[in-house]
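# Structural overview
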Amino acid sequence: MRKILLAATAAAALSAMPASAQSVTGTVNITGSVAAKCKFVTSSQDLPLGELADADGGLDTSKVDGQTRTLTGWCNNSAATLSVKATALTGDQPVTSGAEAAFTDTVNYTASVSANGKSFSDISTDAVASTAANVDMFSGNVAVTLGSSTAASKKLVAGAYTGKVEVFLSPTV
């Protein structure tokens, strides 16, 4: 009887154990995204031109033409675009009435911009930026160079002159 009882107890213990161990798998799916963006790391530079007039009062083009400053930036999208807008140098003293034939308070120029091996330009005679053009994905220098300056063959009015070149980077999604 004792043998039967031991056998029954052993059988019950074996039936409580799983027949075979089995593995199961669970999954955690991970997702994320990166927005298309552009950023200027160096977003502005000063370009003091000094005395703009030559000895005869006209524009000394050597003070403007060939002047360069470098911005640095990046765009993380292959569809990134760049455009440039040049704003004329204008004096803080207007030309007085009756003196318009001989004097000007405006210096126009062309601003050329190079980025990622591509070049673009805009003239300061209008208030419109250049057409946006593809610069691809890049990280590096954006060189801004002034050239082709003119002051309508007139003498410059005395005073302080200011202008600017704006460079627009867009991720263009």
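Described in the following lines is the structure provided in the data block. Because the structure is predicted, anything quoted here is derived from the model rather than measured.

Thresholds applied
Residues numbered from 1 in each chain as written. Predicted model: local features only at pLDDT ≥ 70, side-chain atom pairs only at ≥ 80, totals over all residues. Heavy atoms only, no water. Helix = DSSP H or I, 4+ residues; strand = E, 2+ residues; numbered from the N terminus. Buried < 20%, exposed > 50% of the residue type's maximum accessible area, 1.4 Å probe, protein only. Contact = heavy atoms within 4.5 Å. Areas by Shrake-Rupley, 256 points an atom, 1.4 Å probe, with all protein chains shown as cover. Polar contact = N/O pair within 3.5 Å; in protein donor to acceptor, adjacent residues only side chain to side chain. Disulfide = S-S within 2.5 Å. 1 Å grid on protein atoms, 1.4 Å probe; cavity = no way out; pocket = protein on both sides within 12 Å on 5 of 7 lines; lining within 4 Å. Points joined across faces, edges and corners; volume = space filled by probe spheres on them. Nonpolar A, V, L, I, M, F, W, Y, C, P; charged D, E, K, R; others polar. Pairing = 2+ DSSP bridges.

## A word on the overall build of the chain
Secondary structure summary: the chain contains one helix and 10 strands in total. Listing every helix and strand of the chain by position from the N terminus yields α-β-β-β-β-β-β-β-β-β-β. When each of the 173 residues of the chain is scored for burial, the buried share is 27%. Excluding contacts between residues fewer than 6 apart, the proportion of contacts in the chain whose partners are at least 24 apart in sequence is 78%. Counting every atom, the chain has about 11100 Å² of accessible surface; 55% of that belongs to carbon and sulfur.

## Observations regarding the side chain of Ser 149
Its place among the elements puts Ser 149 in strand 8 (residues 138-150). Separated by 2.8 Å, the side chains of Ser 149 and Asp 65 make a polar contact. Not counting residues up to four positions away in its chain, the partners in contact with Ser 149 are Leu 59, Thr 61, Val 64, Asp 65, Val 107, Asn 108 and Tyr 109.

## A word on the state of the cysteines
Per the counting criterion, the structure on display carries one disulfide. Put simply, Cys 38 and Cys 75 are joined by a disulfide, and their sulfur atoms are 2.0 Å apart. Of note, the bridge from Cys 38 to Cys 75 carries an S-S torsion of about 115° and is right-handed in sense. Of the two residues, Cys 38 is situated in strand 1 (residues 38-42) and Cys 75 in strand 2 (residues 68-75); the sequence distance between them amounts to 37 residues.

## Comments concerning the layout of surface pockets
Volume-wise, the largest pocket comes out at about 440 Å³. Looking at the largest pocket, it is lined by 22 residues, and the ones nearest its centre are Gln 45, Leu 47, Gly 163, Lys 164 and Val 165. Broken down by secondary-structure element, the contributors of at least two residues to the lining of the largest pocket are strand 2, strand 8 and strand 10 (161-170). For the lining of the largest pocket, the leading source of residues is strand 10, giving seven residues. Put simply, the second largest pocket is a space of about 190 Å³. Considering the residues around the second largest pocket, the lining is formed by 14 residues, among which Gly 50, Glu 51, Leu 52, Gly 159 and Tyr 161 are closest to the centre. Broken down by class, the residue content of the lining of the second largest pocket amounts to 11 nonpolar, two polar and one charged.

## Considerations on the environment of Phe 40
Within the element layout of this structure, Phe 40 appears in strand 1. Once the C-alpha coordinates of Phe 40 and Phe 168 are considered, the two residues, 128 residues apart in sequence, prove to be 9.6 Å apart. Excluding residues that lie within four positions of it along the chain, Phe 40 makes contacts with Leu 71, Thr 72, Gly 73, Val 142, Val 167 and Leu 169.

## Quick notes on the pairing of strand 6 (residues 118-123)
Walk down a regular strand and you will see the side chains alternate between the two sheet faces. Alignment of strand 5 (residues 106-115) against strand 6, held across six bridges, turns out to be antiparallel. Paired with Ser 114 across the two strands is Ser 119, which belongs to strand 6.

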